[in-house]
Amino acid sequence: MDGKTHRPTRRTGQTGVRRVVLRFVLMLPASAFWCGQIAAQSTNQFSPKPPAPAKAVAIEQPATVTAVPAPMINGGERLAATSSAEPALASTESGASSAPPTQFRIERLPMIGGAELLTIFGRLDGRTSDSPASEVPLVSVVRDTLSDNDPENDRLRYVWMLTYTQPTMLKRIASAIPFFYQHVGSKRQASSGAPAPILDLSNTSRQTWNHFFWMGLQNVFLDSYGIPLRAASRSYRQNAADYRTAHVTQALTILGNYENLRQRLRDGSELLAFRQSSDAIQTTSRAEVVNDTTTPLLPEHSPTFSPGEMLELRARLILSGNTFGGFFGPDKFDDIVAKRTAASVDTIGHNWEMLRQRAEAEGLYFQPLTMPDGRPTHVLLWVSRSDLATQTGRSFSKRFLNIANPWSDLRLRNWNGYAQTQYFDSNNRPATAGNPEARRLEMIPLALYGLDHPKIPVLLVDFRDDLNPKGREVSRRVLNDLTKNIFSLSSVGNVPYFLGRNVYNFVTGRRGMDLNQPSRLKSYSELKLLLSFNGSLDPRLQREIERRLEIVSLNPLNNDSQSEIQLARQQYDSLIDFARRPDGLPARLERDRRAEMVPLQHGSLSRFFINLGNIISFGRYVHRECETPELSARLELARRTERHTNFLNQIARSSPQTEVAWDMSKVNRSLQFLADQGEEANGSAARAATLIFQRTSDAEARRLCLDALSRINNKAAKKALISLYRHESSDSEWRLAIAERLRKAVAEDNRMKPAEARAVLSQVGQP
């Protein structure tokens, strides 16, 4: 709370509670059923409440955005330089003032061979009381620039989440022990070699094929050797997958916060959490509204990542958790990111209101915790010590809260754990200690919840019972491990199990029971980041939360937050060293470029057998072309063609009237490129040009669409021209233009078969 609380509110009513609780023992399946009162609905959560019965609702402000410059590598040496995420800093000799600090910044590292390493640094406001706070490298991305300044042929290659590291042997062994759901210490020293990327953007299908391979190996080979090997191997694979998913979630959260701060986007959940500070409340009127400004919080001369690159990063990270995600193309990126963002906003808003209503009804204090971009992702619930003394016999419904009754808990009346002092005025608004009308309240934390979780707010920390959230999380793992690893049950092959599981999930979901629910993994991972970035929490409270979070953790592969910060810095140094060595990252990049040249030299049938050899050899065999100036030029052209094709596909899918939604100068620029150099464009480019021709009335754009279709040298483009010719009226000038281009194609295309040429001429006539 720390002075960032707002007007207190409380909702009375809701009496009578029926409870039946069956606690389960660790590593055994359990279930619990109970009934509770339905939460009262509020017509306006920001409406004034009567001052007498009100309880405090603490709403935290968005984090202040600050940063400091950090070292950078240029030409293989470590130099002090400005980052791309802030205005250039004047030299210290000149005495000029530095730019305002920011929460995130990006460091560019030019590499040998025509590439650059981009690293997002974050300031750890929650880790130090010093000013400015220390920074830590978080996410690194390689951009292959082909040694030029043309962004059209750039390609993102590898993504590192620098806290993601190879586990120690002890952790690997512990993670393979069935039904062992315990944190086993933290790795302190990163591996000596270069860190492994969490995602390879140049070959996203490899991860999908690897998934199929290990799934087949598990089911065909490992499972056939009995329960011990089956349970151990499946347990290890599950823990490894969860460990990776946790860091993918953190990478997505960092990218989302960086992009929101750069653009100063205020979504619904941010506006829900954003309120005036206690000082501002005392000096401004209640009619004042929140200003939804577009002033960027991360000032950039030009974005380091283009919108398309940021979209690709986020979409590929999301898809990396899907079985067939590696096979999705750029045409799906918009929908994937938009759906995830919308789902997150809806879930947070739903859980926010649900938890707020329950807190009001039970007389508790509600404090949202926000990410640097202002998005509330977690909530702390508090109780006042004075209320505990005066409301001893008060009833309590644990529905959605999933904690024990605080009003009858003798431990709270004799509480000697963490507590916090707050001051409120006569209207139960936050006040300072010097206010003569202020009254002092001692607050005791009860629980911490994650809002971005399906169905219900998920309990992450119970300050009175460490095993409460852990037991609820274990209930999911135990049931899954028993059914799959021991009894080999599946929803597909066992109908009674399928029906029973779905009925149970429906009942527990409807009743708000946090048993056998989706994993806390996402909320747990986001909370670790929030505690590092958010400097508003008291350090003692932060340490208490982190200690209890490690108890909740089920994965032996996990490391605590302080160890991850240390590992991130070590792995960043290793990555820099790897990028500086000619035989390191530059050599790997050169090999991947040669593999990228394969489609330029081989047809679809040859590539099928090349890919088959890669799969059969478990990825050991990778066909690469010998790099030549001609192939390098074709690669550069192929990348530019792909970039323009993706842009035109986005235009074709977005609006039925192109000139209404898009800048036609940019559209015509991409069409002009295909008209000039689009010989190797694929059928997707032909379809995009066809749709744009049909959906625009701009004469120049329509002419360029026809020129592009004429230049594209494949059957899809010829069929598209014939289709457009048929649909144009006989007196249309465009029909004549299409016929002219088709006749020209027949005359100039030596690869067109005689039968195909005759079919085209039968449609448009002889030249």
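Here the residue numbers are simple positions, counted from 1 along each chain's written sequence. Selection of residues for local features in this predicted model requires a pLDDT of at least 70, selection of side-chain atom pairs for listing and counting requires 80 or more, and totals for whole chains, interfaces and linings are taken over all residues. As a convention, hydrogens and water are excluded, and side-chain values are obtained from all of the structure's heavy atoms.

Engineer: Describe the overall build of the protein chain, naming the residues involved and giving the relevant values.
Structural biologist: Helix and strand assignments follow DSSP, with helices taken as H or I runs no shorter than four residues and strands as E runs no shorter than two, numbered in order from the N terminus. A count of helical and extended segments in the protein chain gives 25 helices and 14 strands. Looking at the protein chain as a whole, 52% of its 767 residues are labelled buried. Residues are treated as being in contact if the distance between any of their heavy atoms lies within 4.5 Å. Contacts in the protein chain between residues at least 24 apart in sequence constitute 72% of all its contacts with a sequence separation of at least 6. Per-residue and other accessible areas follow the Shrake-Rupley method at a 1.4 Å probe size, with only the shown protein chains counted as cover for residues. Here the protein chain has roughly 34600 Å² of accessible surface; of this, 55% comes from carbon and sulfur atoms. When a residue's accessible area, from a 1.4 Å probe over protein chains only, is under 20% of the maximum for its type it is buried; when over 50% it is exposed; and in between it is partly exposed.

Engineer: Hey, could you go over the packing of aromatic side chains for me, with residue numbers and the actual values?
Structural biologist: Think of it this way: a Phe, Tyr or Trp ring, Trp meaning its six-membered ring, pairs with another when their centres are within 6.5 Å, and the plane angle makes it stacked under 30 degrees, edge-to-face over 60, tilted otherwise. Applying the stated criterion to the full structure yields 12 aromatic pairs. For the ring pair Phe179 and Tyr181, a centre distance of 6.4 Å and an interplane angle of 80° mean the geometry is edge-to-face. We classify Phe179 as buried; its relative accessible area is 19%. Whether a charge lies above a ring is judged from NZ of Lys or CZ of Arg, which has to be within 6 Å of the ring centre and within 35 degrees of the ring normal. In this arrangement the basic side chain of Arg702 is found over the ring face of Phe693, its NZ or CZ atom lying 4.0 Å from the centre.

Engineer: Which residues make up the sheet that holds strand S5 (residues 104-111), and what are the values?
Structural biologist: As a general point, the strands of a sheet are linked pairwise by backbone hydrogen bonds and lie either parallel or antiparallel. Overall, antiparallel pairing links the five strands, which are arranged S5-S6-S7-S8-S9 in an open sheet. Both edges of this open sheet fall to S5 and strand S9 (199-200), since each of them pairs with a single strand only. The criterion for strand pairing is that DSSP finds at least two bridges linking the strands in question. Of the pairings in the sheet, the one linking strand S8 (residues 155-161) to S9 comprises two bridges and is antiparallel in character. Counterpart to Val159 in the pairing with S9 is Leu199. Axis angles are defined between N-to-C directions and span 0 to 180 degrees, where every axis is a line fitted to C-alpha atoms and, for a helix, only to the segment in contact. Set on the sheet, helix H14 (residues 561-580) makes contact with S5, strand S6 (115-123), strand S7 (135-144) and S8; between it and S7 the angle comes to about 35°.

Engineer: Before we move on, could you go through the pairing of S7 and cite the residues and values that matter?
Structural biologist: Most of S7 sits inside the fold, with 10 of its 10 residues counted as buried. Across nine bridges, the pairing between S6 and S7 is antiparallel. By the bridge assignment, Ile120 is partnered in S7 with Val139. Looking at chain direction, S7 and S8 are connected through five bridges and run antiparallel. What sits directly across from Arg143, in S8, is Leu156.

Engineer: Which residues make up the pairing of S6, and what values go with them?
Structural biologist: Burial runs high along S6: nine of the nine residues are buried. Of the two faces of S6, both are covered, the one formed by Ala115, Leu117, Thr119, Phe121 and Arg123 as well as the one formed by Glu116, Leu118, Ile120 and Gly122. As paired strands, S5 and S6 are joined by eight bridges and run antiparallel to one another. Looking at the pairing, Phe104 lines up with Gly122 of S6.

Engineer: With reference to specific residues and values, describe helix H6 (residues 307-319).
Structural biologist: The end-to-end C-alpha separation of H6 is 18 Å, in line with the 18 Å expected for 13 residues at 1.5 Å each. Among all positions of H6, only Glu309, Met310, Leu313, Arg314, Ala315, Arg316, Leu317, Ile318 and Leu319 are buried. By definition here, a helix of n residues has an expected span of 1.5 Å times n minus one.

Engineer: Give a detailed account of the packing of helix H22 (residues 699-711) against helix H23 (residues 715-727), specifying residues and quantitative values.
Structural biologist: The interhelical angle for the contact between H22 and H23, taken along N-to-C directions, is 140°, at an axis separation of 8 Å. Comparing their axes, H23 and H22 come out oblique. Viewed along their axes, H22 and H23 form a crossing whose handedness is left-handed. Touching Leu706, Leu709 and Ser710 of H22 are Ala717, Ala720, Leu721 and Leu724, all from H23. Following the grouping adopted for this structure description, the nonpolar residues are Ala, Val, Leu, Ile, Met, Phe, Trp, Tyr, Cys and Pro, the charged ones are Asp, Glu, Lys and Arg, and the polar ones are all others, Gly among them. Here the residues of the contact of H22 with H23 are counted per class, giving six nonpolar, one polar and no charged. Any angle that falls under 35 degrees is termed roughly parallel, while one over 145 is termed roughly antiparallel, one within 65 to 115 roughly perpendicular, and all others oblique. Should the near helix be turned counterclockwise from the far one by less than a right angle, the crossing is left-handed, whereas a clockwise turn marks it as right-handed.

Engineer: Pulling in residues and values, what's your account of the packing of helix H21 (residues 683-694) against H23?
Structural biologist: Contact geometry of H21 with H23 gives a least axis separation of 8 Å together with a crossing angle of 20°. Classified by the angle their axes make, H21 and H23 are roughly parallel. Relative to H23, the crossing made by H21 is right-handed. Mapping the contact onto sequence places Gly683, Ala686, Thr690, Phe693 and Gln694 in H21 and Ala716, Ala717, Ala720 and Leu724 in H23. Residues belonging to the contact of H21 with H23 are distributed by class as follows: six nonpolar, three polar and no charged.

Engineer: Could you give an account of the environment of Leu388, naming the residues involved and the relevant values?
Structural biologist: Following the sequence through the fold, Leu388 ends up in helix H8 (residues 385-390). Residue class for Leu388 comes out buried when judged on its relative accessible area of 1%. With 20 residues separating them along the chain, Leu388 and Ser408 place their C-alpha atoms 8.4 Å apart. Setting aside residues up to four positions removed in sequence, Leu388 forms contacts with Val383, Pro406, Trp407, Leu412, Arg413 and Ile444.

Engineer: Describe a nonpolar patch on the surface, naming the residues involved and giving the relevant values.
Structural biologist: Taken together, the side chains of Trp209, Phe324, Phe327, Phe328 and Ile615 present a nonpolar region at the surface, about 470 Å² in accessible area. Relative to the elements of secondary structure, Phe328 occurs in the loop between H6 and helix H7 (333-361). According to the relative accessible area criterion, Phe328 is partly exposed, its value standing at 32%. Note that patches include only residues with greater than 30% relative accessible area and no salt bridge, and the join distances are 9 Å for like charges and 5 Å for nonpolar side chains (Val, Leu, Ile, Met, Phe, Trp, Tyr). Salt bridges are defined by distance alone: a side-chain nitrogen of Lys or Arg within 4 Å of a carboxyl oxygen of Asp or Glu.

Engineer: Please give an account of the confidence of the model for the protein chain that cites residues and values.
Structural biologist: When pLDDT is averaged across the protein chain, the result is 79; 77% of the residues are at 70 or more. pLDDT is a residue-level measure of predictor confidence that goes from 0 to 100. The model gives residues 1-100 a pLDDT under 50, and that stretch makes 268 contacts with residues more than four places away or in other chains. Every residue in residues 265-295 is under pLDDT 50, and counting partners more than four places away or in other chains gives 53 contacts.

Engineer: Outline unusual backbone geometry, supporting the account with residue identities and numerical values.
Structural biologist: Unusually for a residue other than glycine, Leu146 sits at a positive phi of about 55°. With respect to the secondary-structure elements, Leu146 resides in the loop between S7 and S8. Positive phi, close to 60°, is recorded for Phe179, a residue that is not glycine. One can find Phe179 in the loop between helix H1 (169-175) and S9.

Engineer: Describe the side chain of Asp144, with residues and values.
Structural biologist: Relative to the helices and strands, Asp144 is located in strand S7. A relative accessible area of 0% means that Asp144 is categorised as buried. Definition of a polar contact: a pair of N or O atoms within 3.5 Å, with one able to donate and the other able to accept a hydrogen when the atoms are protein atoms, and with sequence-neighbouring residues admitted only if both atoms are side-chain atoms. At a separation of 2.5 Å, a polar atom in the side chain of Asp144 contacts the side chain of Arg593. For Asp144, the contacting residues outside a window of four places in its chain are Gly114, Ala115, Asn153, Asp154, Arg155, Arg157, Leu589, Arg593 and Arg639.

Engineer: Describe the pattern of salt bridges, listing the residues and the values that go with them.
Structural biologist: Across all of its chains, the model carries 45 salt bridges by this definition. Salt-bridge contacts for Asp409 lead to Arg411; the nearest nitrogen and oxygen are separated by 3.0 Å. For Asp409, a relative accessible area of 9% gives the class buried. Using a relative accessible area of 45% as the deciding quantity, one classes Arg411 as partly exposed. The partner of Glu700 in a salt bridge is Arg703, with the nearest N and O atoms 2.6 Å apart. Of the two residues, Glu700 and Arg703 both sit in helix H22, three residues apart, roughly one turn of that helix.

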